[in-house]
Amino acid sequence: MRDLTLIFGMALAAALGVGLAGALALRLLRHRSITVHVCVLLTITVAAVVAGVAVVAQAMFLSAHDLQVVLLTVAAAAAVSLAIGWYFGRRLAVAAVWADQARERERRIEKGRRDLVAWVSHDLRTPLAGLRAMAEALEDRVVDDPATVAEYHRRIRVQTDRMTRLVDDLFELSRINAGALRLSPASLSLGEVVSDALAAAAPLATARGIRLVAADAGWPTVLASEPELARVVGNLLLNAVRYTPEDGTVQVDGGRDHDGVWLAVADTCGGIPERDLPRLFDVAFRGEPARTPPGGNGESSGGLGLAIVRGLVEAHGGRVNVRNTADGCRFVVRLPAAAG
């Protein structure tokens, strides 16, 4: 009994030594990944067993050959245990990280839904209140002179158009998120799409004294669906015009490189806070209130315009990004080039 107690004590002491060293290693590696922690834990466990067996085997006065056999057997078992433990530990770590990322993504999506409902409710409530007030005024004949009646009719039409655009944006975004968007790619002249978008944005730009600049020639051919591409260019242009102060400039460029076709829309908005750049394409994100353009002109997009741009570009197999420039920001869209 005394021998067994002694053997147990020797094995326990060796294992404790390994365990204390492992605890120190874990403390030093506390900021490393889950995979590293799992591998260190497995190494500590296996090393504790090996240390205990080695100490006891040496104390038993085995022959050199027998001691070598014991150590080789333990080493083989330790190698297999570490290999299997590392493989499954890595899978467990990846699963844990994936689950954490999935929860974080779900939280972001849920927050995006709440923000979207709040923004849309606000953007619908304001024009609806105005429409109701003007309709009641017309119905009760509070206003009856032709000029005021005509102005009320004009405002009703403007507010109706605004709500129609918002509903169209919501429908487009729902198609993108549901995967129900069906594209019809064809070879398109990027210059023609840009020209149409510039013509559509010209009235708003002229009213605000903003110059629209684009090349007359040299535009590449892109492989894209025309309605969706026109929506992308139009949204980027209107977004640039809304945020550019009076007497500013919005410039549209395009070209082709080894990655495909690129389109850039640059403005002189003064730049975007760096902390807002990663969230700029999120649904219902509008940034700081000071940078949010007024909605009374019928041009509010409900914070959906850039989210739609990203969804449509990614549906084409492309990508979109934004960066600050010296006096504003520059959006760059990359799309596949047409064959030939």
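Scoring rules and cut-offs
Residues numbered from 1 in each chain as written. Predicted model: local features only at pLDDT ≥ 70, side-chain atom pairs only at ≥ 80, totals over all residues. Heavy atoms only, no water. Core = buried A, V, L, I, M, F, W, Y, C linked by side-chain atoms within 4.5 Å. Buried < 20%, exposed > 50% of the residue type's maximum accessible area, 1.4 Å probe, protein only. Helix = DSSP H or I, 4+ residues; strand = E, 2+ residues; numbered from the N terminus. Contact = heavy atoms within 4.5 Å. Phe/Tyr/Trp six-rings, centres within 6.5 Å; stacked < 30°, edge-to-face > 60°. Polar contact = N/O pair within 3.5 Å; in protein donor to acceptor, adjacent residues only side chain to side chain.

Caption draft 1: The nonpolar core, seen in detail. Core analysis: the largest hydrophobic core is formed by 48 residues, its most contacted members being Leu229 and Leu237. Counting residues per element, this core draws most heavily on helix H5 (residues 190-207), which supplies eight residues. Excluding residues within four positions of it along the chain, leucine 229 makes contact with Leu188, Leu190, Val193, Val222, Ala224 and Leu335. Counting residues in hydrophobic clusters, the runner-up holds six residues, among them Leu131, Ala137, Val143 and Met163.

Caption draft 2: Representation of the packing of aromatic side chains within the structure. As enumerated under the stated definition, the model contains one aromatic pair in all. Here the aromatic rings of phenylalanine 281 and phenylalanine 331 are separated by 6.0 Å at their centres, their planes lie at 90 degrees, and the arrangement is edge-to-face. Here the residue phenylalanine 281 occupies a position in the loop between strand E5 (260-266) and helix H7 (305-315), and phenylalanine 331 occupies one in strand E7 (residues 329-335), the gap between them amounting to 50 residues. Taken as a pair, phenylalanine 281 and phenylalanine 331 share a single burial class, namely buried.

Caption draft 3: Here's a closer look at unusual backbone geometry. Not every positive phi belongs to a glycine, and arginine 141 is a case in point at roughly 55 degrees. Examined against the element boundaries, arginine 141 turns out to sit in the loop between helix H3 (64-139) and helix H4 (146-178). Owing to a relative accessible area of 65%, arginine 141 belongs among the exposed residues under this scheme. Although it is not a glycine, aspartate 247 sits at a positive phi angle of roughly 65 degrees. Residue position: aspartate 247 is located in the loop between helix H6 (226-243) and strand E4 (249-257).

Caption draft 4: Here's a closer look at the side chain of glutamate 228. Position of glutamate 228 among the secondary structure elements: in helix H6. Polar contacts involving the side chain of glutamate 228 include one to the side chain of serine 225, which spans 2.5 Å. Every residue in contact with glutamate 228, bar those within four places of it in the chain, is listed here: Arg175, Leu181, Arg182, Leu183, Leu312 and His316.

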